[in-house]
Amino acid sequence: MNSRVTGGEGGVTVRRATARDAKRLTRLVRTSSAYEGPYAPMIAGYRVGPDYIETHEVHVAVGPDGRVLGFYALILSPPELDLMFVADDAQGRGIGRLLMDHLKGEARAAGLDSVRIVSHPPAEGFYLGVGAKRTGTVAANPPAVMWDRPELELPTS
């Protein structure tokens, strides 16, 4: 499924990620300003490998120049948003909303009614803004995750 930004920056499409995107996706994760300060240890050394891309539903938003502006990874069973990143300089341009709309379409096509999201705390407002509902809190799990995280459910309809 390919999509175009509506109401955002023109010429952006969403496509299935390929193994060749792995380094770009890893760079996007590691350079995210959302994971500075106390959140930095969570992504230190993080890698999005070709095997991960081939195993999961990973889709990228690509600008007209071919640059990867963001991506998401959907796990189908059980249904959960595993990763969602938008490049710092592409935020506020409708890329995240485009990716979430695409995710909903992919989830519906797979027969899913909803998708679980365990959110990075600063991103909760974004997910609520695209239709997710708060269902609880996932407790910290040191040393991997040192803080509680909002748990949400995103209907696919």
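Residues numbered from 1 in each chain as written. Predicted model: local features only at pLDDT ≥ 70, side-chain atom pairs only at ≥ 80, totals over all residues. Heavy atoms only, no water.

Asks: Is there a simple way to explain the overall build of the protein chain in this structure?
Replies: Counting its secondary structure elements, the protein chain contains five helices and seven strands. From first element to last, N terminus to C terminus, the protein chain shows the α and β order β-α-α-α-β-β-β-α-β-α-β-β. At 15 Å, the protein chain has a C-alpha radius of gyration in line with the 15 Å of a compact globule built from 157 residues. Structurally, the protein chain occupies a C-alpha span of about 40 × 35 × 30 Å along its principal axes. With 157 residues in all, the protein chain has 46% of them scored as buried. Counting contacts in the protein chain only where the partners sit at least 6 residues apart, residues at least 24 apart contribute 60% of the total. (Helix = DSSP H or I, 4+ residues; strand = E, 2+ residues; numbered from the N terminus. Rg over C-alpha atoms; globule rule 2.2 N^0.38 Å. Buried < 20%, exposed > 50% of the residue type's maximum accessible area, 1.4 Å probe, protein only. Contact = heavy atoms within 4.5 Å.)

Asks: Whenever I open this one, the pairing of strand S3 (residues 68-76) confuses me. Can you help?
Replies: Both faces of the sheet carry side chains from a regular strand, because those side chains alternate between them. With respect to burial, S3 is a largely interior element, seven of its nine residues being buried. Pairing of strand S2 (residues 57-62) with S3, which is carried by six bridges, proceeds in the antiparallel orientation. Within S3, the position partnered with Val60 by the bridge is Phe71. Between S2 and S3, which pair antiparallel and follow one another directly, the connecting turn spans five residues, one of which, Gly66, has a positive phi of 90°. The antiparallel hairpin formed by S3 and strand S4 (residues 79-86) contains two residues in its connecting segment. (Pairing = 2+ DSSP bridges.)

Asks: Help me out: how do you make sense of the confidence of the model for the protein chain in this one?
Replies: Parts of the model with low pLDDT should not have their predicted coordinates read in detail. When pLDDT is averaged across the protein chain, the result is 92; 94% of the residues are at 70 or more. Across residues 4-8, where pLDDT falls below 50, the model places nine contacts with residues more than four positions away in sequence or in other chains. (pLDDT = per-residue confidence, 0-100.)

Asks: What is the right way to look at unusual backbone geometry in this model?
Replies: Working note: non-glycine residues mostly have negative phi, and peptide bonds are mostly trans. Going from Ser77 to Pro78, the amide bond is cis rather than trans, its omega being -10°. By the element assignment, Pro78 lies in the loop between S3 and S4.

Asks: Looking at this structure, I do not really get the pairing of strand S7 (residues 149-155). What am I missing?
Replies: Of all seven residues that make up S7, five are buried, and the element is covered over most of its length. Examined bridge by bridge, strand S5 (residues 114-118) and S7 share five bridges and lie antiparallel to one another. Across the sheet, Val118 pairs through a bridge with Glu151, a residue of S7. In the sheet, strand S6 (residues 133-138) pairs with S7 via five bridges, with the strands oriented antiparallel. Within S7, the residue paired with Gly136 across the bridge is Glu151.

Asks: Before we go on, may I ask you to explain the pattern of salt bridges in this structure?
Replies: If charged atoms from side chains of opposite charge come close, those side chains can pair. Taken as a whole and assessed by the stated rule, the structure comprises seven salt bridges. We note a salt bridge from Arg16 to Glu57, for which the minimum N-O separation is 3.4 Å. Note that Arg16 is positioned in strand S1 (residues 13-16) and Glu57 in strand S2, a separation of 41 residues in sequence. The buried category is assigned to Glu57, whose relative accessible area is 19%. Among the ionic pairs, Arg116 bridges to Glu151, the shortest N-O distance being 2.6 Å. Within this pair, whereas Arg116 is found in strand S5, its partner Glu151 is found in strand S7, the two being separated by 35 residues in sequence. Relative accessible area serves as the criterion here: at 31%, Arg116 is assigned to the partly exposed category. (Salt bridge = Lys/Arg side-chain N within 4 Å of Asp/Glu carboxyl O.)

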